[in-house]
Amino acid sequence: MEHDLIVVGGGLIGASFARAARGSRVALVDPAAPASSEQARVPEDLDSRIYALSPGSVAFLEQIKAWQEIAPERKCAVRSMRVRGDDAAACLEFDAYDAGVPELAWIVEERELRRALWQALATQDAFVHFAGSACTSLEADADAVHLALADGRRISARLVVGADGARSFVRGAARIEVSERSYAQSAVVANFSCARPHFNIAFQWFQGGPVLALLPLSGERVSMVWSTGEAQAAQLMAASPKELAHRVEQATGSELGALELITPARVFPLHCVSATRCVAPRVALIGDAAHVIHPLAGQGANLGFQDARVLAEVVAGAGTLRDIGELRLLRRYERSRREAVLAMRATVNGLFELFGAESGALRRLRNIGLNLTGSLPVLRNVLARRALA
Ligand SMILES: Cc1cc2nc3c(=O)[nH]c(=O)nc-3n(C[C@H](O)[C@H](O)[C@H](O)COP(=O)(O)OP(=O)(O)OC[C@H]3O[C@@H](n4cnc5c(N)ncnc54)[C@H](O)[C@@H]3O)c2cc1C
């Protein structure tokens, strides 16, 4: 076998795992072209897909020499968070200073992050990218896993890592069951310039169902993620640039002054997807292939980077004598990830239900909860610490 392991899917999570597993001979299959071919961007040319990354994810990206590839002006530190409830007086603030860390998160464009990961992969020994073709069949036997690609090529390895997103082919081929439900919301994302400085604050408004976030970008610019019902999402997408900016301004009480749209809006339907297992003989799932959660806490990719780091550690720990596709070994990865994934999903779904509930009593409770949490520094810091992992 020419490869020790095959990664199916070269999105953020698959590419970061391929990089973290650099002690092994890695093949990566993804029909999309490598992002390293993308041109360096001028500051005004922003990607409308933006990620909030936890300090834990940034440390991992540093370790695999990708974070260093992103120009400083394309990453923006979040120093505090301001969360408002649907009662205007309910407000919770988190501060990096209080939490004893230099920053709570970093905001970065997807395109820049992808480019950085692929740039790092371009220098990696024993790394092969099977571009231009998707994986169409997977068979595992006692010694190896065999994949066929749409263009007829066939490859084998000891282990296949499914990083092929929410509709994972690998998950289906390995007969791993999945539970899925729609949040009955879509997220509208877009970037704006703002008239007032954001002071590196990430703002979030829980609006009794919809959740609106404005994340700071370098310069006087912010990135919006507005998760809302299908009808309102369609209205936002149909709005003219001026009208959209006006609606966001209104919804945020003009906290950042006048807004101007600087990238076209994009929309993403929101689902909760949970694979019942994340390993099978010679198969491991990472990232959205294993779990998809609501973006209200900005934690989906962060969970995926943790998967990538832990699985790479398990593979490296196996050494050269042990078979890295062995189910007993892969279960170590599954065990290490179970609790963190369950806890994050429960937190996100709990917040989604609590802030979406119509009942007047719950409405009061959630707003009191925000104020109470804000005035209890210990609880506030416990919450901040969870978000930093
Ligand atoms: C609006 C929104 C905002 C978000 N904001 C945040 C945030 O701020 N912070 C955060 O941590 N997370 C955030 N998330 C979550 C985050 O987007 C995902 O968790 C993350 O992108 C998952 O990456 P992935 O690599 O697992 O999957 P994907 O990005 O879906 O990549 C899958 C890859 O697999 C490839 N592929 C698919 N099928 C095949 C096949 N058969 N053969 C070969 N290749 C295949 C595809 O080409 C693709 O490149 C957000 C999500 C949404 C919707």
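Up top you'll find the structure we're talking about.
Here's what I pulled together on the structure shown here. Residue numbers run consecutively from 1 along every chain, following the written order of its sequence. Where local features are concerned, this predicted model is filtered to residues with pLDDT of at least 70; where side-chain atom pairs are given and counted, the filter is 80 or more; whole-chain, interface and lining totals use all residues. Just so you know, side-chain values use all the structure's heavy atoms and leave hydrogens and water out.

## Here's the deal with the sheet that holds strand 11 (residues 154–157)
Stage number 1. Taken in spatial order, the three strands of this open sheet run 9-10-11, and their pairing is antiparallel. The strands lining the two open edges of the sheet, one partner per strand, are strand 9 (135–140) and strand 11. Shown here is a sheet whose adjacent strand axes are inclined to one another by a mean of 20°, direction ignored.
Stage number 2. Whether two strands pair depends on DSSP finding at least two bridges between them. A helix here means a DSSP run of H or I that spans at least four residues, while a strand means a run of E at least two residues long, and both kinds are numbered starting from the N terminus. Pairing of strand 10 (residues 145–149) with strand 11, which is carried by four bridges, proceeds in the antiparallel orientation. Looking at strand 11, one finds that A148 is bridged to R154. Throughout, an axis means a line fitted to C-alpha atoms (over the contacting stretch in the case of helices), and angles, computed between N-to-C directions, take values from 0 to 180 degrees.

## What to know about helix 8 (residues 300–317)
Stage number 1. The terminal C-alpha atoms of helix 8 lie 26 Å apart, and with 18 residues this matches the ideal 26 Å at 1.5 Å per residue to within 8%.
Stage number 2. Three exposure classes are used, based on accessible area relative to the maximum for each residue type with a 1.4 Å probe and protein chains only: buried under 20%, partly exposed in between, and exposed over 50%. Of all 18 residues making up helix 8, 13 are buried, and the element is well covered by its neighbours.
Stage number 3. One or two steps after helix 8, the chain reaches G319, where phi turns positive at roughly 70°. For a helix, the expected span equals 1.5 Å multiplied by the residue count minus one.

## Structural notes on the site of the ligand
Stage number 1. A cutoff of 4 Å decides nearness: a residue is near a molecule or strand if any of its heavy atoms lies inside that distance of it. Taken together, 29 residues are adjacent to the ligand, and D30, A52, D288, A301 and N302 come closest.
Stage number 2. Note that a nitrogen atom of the ligand is positioned 3.0 Å from one of the backbone N or O atoms of G298.
Stage number 3. Between the ligand and N302 there is a distance of 2.9 Å, counted from an oxygen atom to a backbone nitrogen or oxygen.
Stage number 4. Protein contacts shield 82% of the accessible area of the ligand, which totals 1000 Å² for the unbound molecule.
Stage number 5. Those elements giving two or more residues to the shell around the ligand turn out to be helix 1 (12–20), strand 2 (26–30), strand 3 (50–53), strand 13 (178–194), strand 18 (266–275) and helix 8.
Stage number 6. A total of three residues in the shell around the ligand trace back to one element, the largest contributor, which is helix 8. Identification of polar contacts relies on pairs of N or O atoms within 3.5 Å, with a donor-acceptor requirement for protein atoms, meaning one able to donate a hydrogen and the other able to accept it, and with residues adjacent in sequence counted only if both atoms are side-chain atoms. Each accessible area value is a Shrake-Rupley result obtained with a 1.4 Å probe; residue values ignore everything except the protein chains displayed when judging cover.

## Quick notes on the environment of L342
Stage number 1. Counting through the fold element by element, L342 comes out in helix 9 (residues 327–356).
Stage number 2. For L342, a relative accessible area of 47% puts it in the partly exposed group.
Stage number 3. Separated by 51 residues in sequence, L342 and H291 place their C-alpha atoms 9.6 Å apart.

## So, the sheet that holds strand 3
Stage number 1. Ordered by their spatial adjacency, three strands build an open sheet running 3-7-4, and the pairing between neighbours is antiparallel. Of all strands in the sheet, those with a lone pairing partner are strand 3 and strand 4 (75–78), marking the two edges. Pairs of neighbouring strands in the sheet enclose a mean axial angle of 25°, with direction left out of account.
Stage number 2. Here four bridges tie strand 3 to strand 7 (residues 105–109), and the two strands are oriented antiparallel to one another. For A52, the partnering residue across the bridge sits in strand 7 and is I107.
Stage number 3. Any two residues whose heavy atoms approach within 4.5 Å are treated as being in contact. Here helix 4 (residues 110–122) sits on the sheet and contacts strand 3 and strand 7; the angle it forms with strand 7, its principal contact strand, is near 85°.

## Points about the pattern of salt bridges
Stage number 1. In what follows, salt bridge is the name for a side-chain nitrogen of Lys or Arg lying within 4 Å of a carboxyl oxygen of Asp or Glu. Under the criterion given, the structure shown has 17 salt bridges.
Stage number 2. In this structure, the salt-bridge partner of E93 is R82, at a minimum N-O distance of 2.8 Å. Placement of E93 in strand 6 (residues 91–95) and of R82 in strand 5 (residues 80–84) is noted, with a sequence separation of 11 residues between them.
Stage number 3. With its nearest N and O atoms 3.2 Å apart, the salt bridge here joins E255 to R84. Of this pair, E255 sits in the loop between helix 7 (241–251) and strand 17 (259–261) while R84 sits in strand 5, placing them 171 residues apart in sequence.
Stage number 4. Overlapping salt bridges bring together D45, R74, E109 and R111 as one network.

## Here we look at a positive patch on the surface
Stage number 1. Each patch groups residues whose relative accessible area exceeds 30% and which form no salt bridge, using 9 Å between like charges and 5 Å between nonpolar side chains of Val, Leu, Ile, Met, Phe, Trp and Tyr. Neither His nor the chain ends is counted toward charge; the positive residues are Lys and Arg and the negative residues Asp and Glu. Working definition for charges: the position is that of NZ of Lys, CZ of Arg, CG of Asp or CD of Glu. Residues R277, R328, R331, R332 and R335 make up a contiguous surface patch of positive charge.
Stage number 2. Tracing the chain through its elements places R332 in helix 9.
Stage number 3. Taking the relative accessible area as the measure of exposure, R332 reaches 40% and is therefore partly exposed.

## Some words on the packing of aromatic side chains
Stage number 1. Only centres within 6.5 Å qualify two rings of Phe, Tyr or Trp (six-membered ring in Trp) as a pair; their planes then separate them into stacked at under 30 degrees, edge-to-face at over 60, and tilted for everything else. Under the defined criterion, the tally for this structure stands at five aromatic pairs.
Stage number 2. Ring plane angle 50° and centroid distance 6.2 Å describe the contact between F60 and F305, whose orientation is recorded as tilted. Residue F60 is found in helix 2 (residues 55–63), and its partner F305 is found in helix 8; the two are separated by 245 residues along the sequence.
Stage number 3. Accessibility expressed as a relative area gives 1% for F305, which makes it buried.
Stage number 4. Ring centres 5.9 Å apart and planes at 15° place the aromatic pair F203 and W205 in the stacked group.
Stage number 5. Exposure remark for F203: the relative accessible area of 4% places this residue in the buried category.
Stage number 6. Only when the NZ atom of a Lys or the CZ atom of an Arg is both within 6 Å of the ring centre and within 35 degrees of the ring normal do we say a charge sits over the ring. Seen from the ring of F268, R49 lies directly overhead, with NZ or CZ sitting 4.2 Å from the centre.

## Topic: the environment of A88
Stage number 1. Inspection of the secondary structure assignment puts A88 in the loop between strand 5 and strand 6.
Stage number 2. Classification of A88 by relative accessible area gives exposed; the value is 67%.

## A short note on helix 4
Stage number 1. Compared with the 18 Å implied by 1.5 Å per residue over 13 residues, the 18 Å span of helix 4 between its first and last C-alpha is a close match.
Stage number 2. Within helix 4, 10 of the 13 residues are buried, leaving the element largely enclosed by the surrounding structure.
Stage number 3. Those residues of helix 4 lying buried are E110, R111, E112, L113, R115, A116, L117, W118, A120 and L121.

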